[in-house]
Amino acid sequence: MDTMMSLSSQDTIELFDQFVIPNYTRYPVSLVEGSGSWVTDAEGRRFLDLFPGWGCNILGYSPPGVVEAIQGQAARLIHVPNTWYIEQQGLFAEFLCSRSFGKAFFCNSGAEANEAAIKLARLHGSARGRYRTITFERGFHGRTLGALTATAQPKYHEGLGPLMAGFRYSPIDDLDAVRELVDNETCAVMIEPVQGEGGVRIPDPAFLQGLRDICDDNDLLLIFDEVQTGMGRTGTWFGYQQTGVTPDVITMAKGVAGGVACGALIAQEEITGDLRPGMHASTFGGNSLAMAAGLATGAIIEQQNLLQHVVENADHVRQRLTTLQSQLPIIREVRVCGMMIGIDLTIPSAPAVGLCMERGVLINATQETVVRLLPALNVSREDLDEGLDTVAEVLQQMASQRQE
Ligand code: PMP
């Protein structure tokens, strides 16, 4: 079967109507190929994507070095089970841990990485009867039942009860609230170093340090969900490196293998023994293909000095958006952490998505009022400026319509 054939968008939509469970709201467009920050639909229309792959396409669409690595690895070995040693898994673990700490466990997605973290924390606390994890309002940790329960947003819980026992929710930036929730059944605190889906909310560094202290004082594990902030997104390899706080566990997924499904958990060496043989596994986790893609992704970030590029682009974006904010009162707040960009409006942000798309630029809206961008780490200044011009034009239009 020729999987490279290109159907029209309408043909693909008809297939979906007939055969695909409609659990997503989709734009009526089928995307068929891409390069860098640009993606093309079945009709040949090109879009500049400032939100490529929901942050998974960290080097843009089909980055050549990752494509070559996948092609080469696929021809040699796609998958072997974890009952064998896998060279690429060892090498990618070395790559990630030597830029963070500890040892790695591999899986295939963010939710799965967080499940592993929750299990590790429970195993760590089990001898003392501890099982409860504290998470944070507006956080997002995934859709599996454990990760979903960890996600303290009622809208995602509707109709799914009873949820898992063993979670408590706190507001961010409120250490007293956290202290009140800690008891002798608590085993961990889990937080995103920057809340992504929650609207690019950046916790106060003093709050994160306070969490570290609470965890140290009560022998709890501090888990950072780096599914969105990992692999260079914030301008350092991991988001925690921006905060001055070192957690016990980090989880990652999204861009870690340049768009190939891959998740990972990294834990400090002294607690890794809790994930003992037989207690946790993932059939596809750490497969040769994903690991080769991850190694290529990491090598490109390093060789092309992309962490520095992210920092420079982030400064530029902050400057441009702060200027725009001074001209447009509908912008309540601008939040930038590397290539995680949130523009919080005083009005609903959803219309901005369609208006930008009409002008050929792809963005995201979240949490009712936030315009969110997750550009590729290697986005060129030219593309970034072109995209920001469009976002500015659209926000100006939304502001003027509001005044009419
Ligand atoms: N954690 C965070 C911080 C996320 O942003 C996401 C996905 N948006 C997840 C976990 C879940 O990842 P996945 O969809 O790969 O399970």
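About the cut-offs
Residues numbered from 1 in each chain as written. Predicted model: local features only at pLDDT ≥ 70, side-chain atom pairs only at ≥ 80, totals over all residues. Heavy atoms only, no water. Helix = DSSP H or I, 4+ residues; strand = E, 2+ residues; numbered from the N terminus. Polar contact = N/O pair within 3.5 Å; in protein donor to acceptor, adjacent residues only side chain to side chain. Contact = heavy atoms within 4.5 Å. Salt bridge = Lys/Arg side-chain N within 4 Å of Asp/Glu carboxyl O. Buried < 20%, exposed > 50% of the residue type's maximum accessible area, 1.4 Å probe, protein only. Near = heavy atom within 4 Å. Areas by Shrake-Rupley, 256 points an atom, 1.4 Å probe, with all protein chains shown as cover. Nonpolar A, V, L, I, M, F, W, Y, C, P; charged D, E, K, R; others polar. Core = buried A, V, L, I, M, F, W, Y, C linked by side-chain atoms within 4.5 Å. Pairing = 2+ DSSP bridges. Axes fitted to C-alpha atoms, helices over the stretch in contact; angles between N-to-C directions.

(A) Layout of the side chain of Q89. Mapped onto the elements of the fold, Q89 is located in helix α3 (residues 87-97). Looking at Q89, its side chain comes within polar contact range of the main-chain oxygen of G286, at 3.0 Å. Beyond its immediate sequence surroundings of up to four residues, Q89 is in contact with N82, F106, G285, G286 and M291.

(B) Quick peek at the pattern of salt bridges. Per the stated rule, a full pass over the model turns up 17 salt bridges. Across the pair D385 and R320 runs a salt bridge, and its minimum N-O distance is 2.9 Å. Here D385 is found in helix α11 (residues 381-403), whereas its partner R320 is found in helix α9 (residues 306-327), with 65 residues between them in sequence. Taking the relative accessible area as the measure of exposure, R320 reaches 25% and is therefore partly exposed. Through salt bridges with shared partners, a single ionic network connects R201, R332, E333, R335 and D344.

(C) Just the site of the ligand, in detail. Residues in close proximity to the ligand include S109, G110, A111, N114, F140, H141, G142, E192, D225, V227, Q228 and K254, which together make up its full environment. For the ligand, an oxygen atom lies 2.8 Å from a polar atom in the backbone of A111. For the ligand, whose free accessible area comes to 390 Å², the fraction covered by protein is 79%. A total of three residues in the shell around the ligand trace back to one element, the largest contributor, which is helix α4 (residues 110-125). Partitioning the shell around the ligand into residue classes produces three nonpolar, six polar and three charged.

(D) Up close: the nonpolar core. If you look at the biggest cluster of nonpolar residues, it comprises 87 residues, and the most contacted ones within it are L96, I363 and L395. Per-element accounting of this core gives the leading share, eight residues, to α11. Discounting chain neighbours no more than four positions away, the residues touching L395 are L324, L328, I330, I331, I343, L345 and V371. The next biggest cluster of nonpolar side chains, apart from the first, holds 19 residues, and it includes F105, C107, A188 and M190.

(E) Structural detail: the sheet that holds strand β11 (residues 331-337). Taken in spatial order, the four strands line up as β11-β12-β15-β14 in an open sheet, and their pairing is antiparallel. For this open sheet the edge positions go to β11 and β14 (364-366), each flanked by a neighbour on one side alone. Between one strand and the next, the sheet's axes are offset by a mean angle of 25°, whatever the strand orientation. Bridge analysis of strand β12 (residues 340-345) against strand β15 (residues 370-373) gives four bridges, and the strand direction is antiparallel. Residue pairing in the sheet places I343 in a bridge with V371 of β15. Along the sheet, α9 makes contact with β11 and β12, crossing β11 at roughly 175°.

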